[in-house]
Amino acid sequence: MLANFLNKKIFRIERGRSKWLIAIGLPVWVFTGFMLAQGILTAVLLVVHAFGVSLPSDNDAVFNTAVAATVYLLTLAIVIGGPWVVRRKQTSKADLGLTRLPSWMDILLSPAGFIIYLLLSALLVWTASSFIPGFNTAEGQAIGFKDLSERYQYLLAFVTLVVIAPIAEEVIFRGYLYGKLRKHIPLWVAIFTTSVLFGAIHGQWNVGVDTFALSIVMCSFREVTGSIWAGVLLHMLKNSVAFYFLFINTSLLIH
């Protein structure tokens, strides 16, 4: 009986340890996937340039759209495909929150979530600016599109920022990462871990705090609905508003 008790105790300790290793390992893997995707694409572009092929300038909308789409596709291939190739670990539609199509509930939740996100973001940004020295709330975000003049350029920027990015990022973060984490660790830890990485991946303090708040709402939607679609629509709504201020009515930001 003592041996059985000790074996059960050891099993619980090892199981608990493996859960927390997963809680650390999965975010590191997703971050690594992003970095590898960017590194692979950069290497390819350098090789192409070395063979004398001229590349478009940084403000070329077609080039930026192609780069963004490629990075997202490579990230998905690495993050989801890597474990399957190495250890035959499959990722199901349920893991990704893609077992159904968007519903009316998803559509109704997105504007309500947008209001909650704005309030939470304002609170966190105010807190950060009050207690973190040098926290710059007005720092602009580098989004890859600038000096747009032609209609097709605006269209490509819109498709990239408002359609491609929200769908890809929701599949990666609220789909793969949160879906996997939720199987092994408590709810609040899964939400916090996913949101910290999502904020950090944006590379700036002010944007990171804002996207951290957004991720908390979107993770909550994933938990409540069992799907990523409410989060996708909220993400699209948020990016649409940002697109309007950045490219359509910039005077509102200036004044």
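The sections below set out a description of the structure shown in this document. Quick caveat, the model's predicted, so the values are computed rather than measured.

With that out of the way, let us pick up the nonpolar core. Among the nonpolar cores identified, the biggest contains 44 residues, and Val30, Phe145, Phe173, Leu177 and Leu234 are the most heavily contacted of them. Among the secondary structure elements, those contributing two or more residues to this core are helix 1 (2-50), helix 2 (61-87), helix 4 (104-131), helix 5 (151-181), helix 6 (187-200), helix 7 (205-225) and helix 8 (229-248). Among the elements that make up this core, the one with the highest residue count is helix 5 (twelve residues). With residues up to four places along the chain from it excluded, the contact list for Val30 reads Val79, Ile172, Phe173, Tyr176, Leu177 and Leu197.

What follows is about the layout of surface pockets. Quantified by volume, the second largest pocket comes out at close to 410 Å³. For the lining of the second largest pocket, the secondary-structure elements that each account for two or more residues are helix 1, helix 2 and helix 5.

Okay, the packing of helix 5 against helix 6 next. Two numbers describe how helix 5 lies on helix 6: the axes approach to 9 Å, and their chain directions differ by 145°. Crossing hand, helix 5 versus helix 6: right-handed. Along its contact with helix 5, which presents Glu169, Phe173, Arg174, Leu177, Tyr178 and Leu181, the element helix 6 presents Leu187, Ala190, Ile191, Thr193, Thr194, Leu197 and Phe198. Residue composition of the contact of helix 5 with helix 6, by class: nine nonpolar, two polar and two charged.

The next thing to look at is the environment of Lys183. Its place among the elements puts Lys183 in the loop between helix 5 and helix 6. Measuring from C-alpha to C-alpha, the distance between Lys183 and Lys19 comes to 9.1 Å, with 164 residues separating the pair along the chain.

Right, let's talk about a nonpolar patch on the surface for a bit. Side chains of Leu36, Ile40 and Val44 sit close together on the surface and give an oily, nonpolar patch of about 230 Å² of accessible area. Since its relative accessible area comes to 40%, Ile40 is described here as partly exposed.

Take helix 7 next. Here helix 7 contains 21 residues, and its C-alpha end-to-end distance of 30 Å stays within 8% of the 30 Å for a straight helix at 1.5 Å per residue. For helix 7, the tally of buried residues reaches 15 of 21 residues, placing the bulk of the element in the interior.

Now for the packing of aromatic side chains. Across all of its chains, the model carries seven aromatic pairs by this definition. With centroids separated by 5.9 Å and ring planes inclined at 25°, the aromatic side chains of Phe34 and Phe173 adopt a geometry described as stacked. Within this pair, whereas Phe34 is found in helix 1, its partner Phe173 is found in helix 5, the two being separated by 139 residues in sequence. Per residue, the accessibility class of Phe34 equals that of Phe173, and both read buried. On the basis of an interplanar angle of 45° and a centroid distance of 5.0 Å, the ring pair of Phe243 and Phe247 is categorised as tilted. With a gap of four residues between them, Phe243 and Phe247 both fall in helix 8, about one helical turn apart. A residue is classified by how much of its surface remains accessible, and Phe247, at 13% relative accessible area, is buried. Clustering of aromatic rings is evident, with ring pairs tying together Phe34, Phe173 and Phe198.

Quick notes on the rules
Residues numbered from 1 in each chain as written. Predicted model: local features only at pLDDT ≥ 70, side-chain atom pairs only at ≥ 80, totals over all residues. Heavy atoms only, no water. Core = buried A, V, L, I, M, F, W, Y, C linked by side-chain atoms within 4.5 Å. Buried < 20%, exposed > 50% of the residue type's maximum accessible area, 1.4 Å probe, protein only. Helix = DSSP H or I, 4+ residues; strand = E, 2+ residues; numbered from the N terminus. Contact = heavy atoms within 4.5 Å. 1 Å grid on protein atoms, 1.4 Å probe; cavity = no way out; pocket = protein on both sides within 12 Å on 5 of 7 lines; lining within 4 Å. Points joined across faces, edges and corners; volume = space filled by probe spheres on them. Axes fitted to C-alpha atoms, helices over the stretch in contact; angles between N-to-C directions. Left-handed = near helix turned anticlockwise from the far one by under 90°. Nonpolar A, V, L, I, M, F, W, Y, C, P; charged D, E, K, R; others polar. Patch = residues over 30% accessible without salt bridge, like charges linked within 9 Å, V, L, I, M, F, W, Y side chains within 5 Å. Areas by Shrake-Rupley, 256 points an atom, 1.4 Å probe, with all protein chains shown as cover. Salt bridge = Lys/Arg side-chain N within 4 Å of Asp/Glu carboxyl O. Expected span 1.5 Å × (residues − 1). Phe/Tyr/Trp six-rings, centres within 6.5 Å; stacked < 30°, edge-to-face > 60°.

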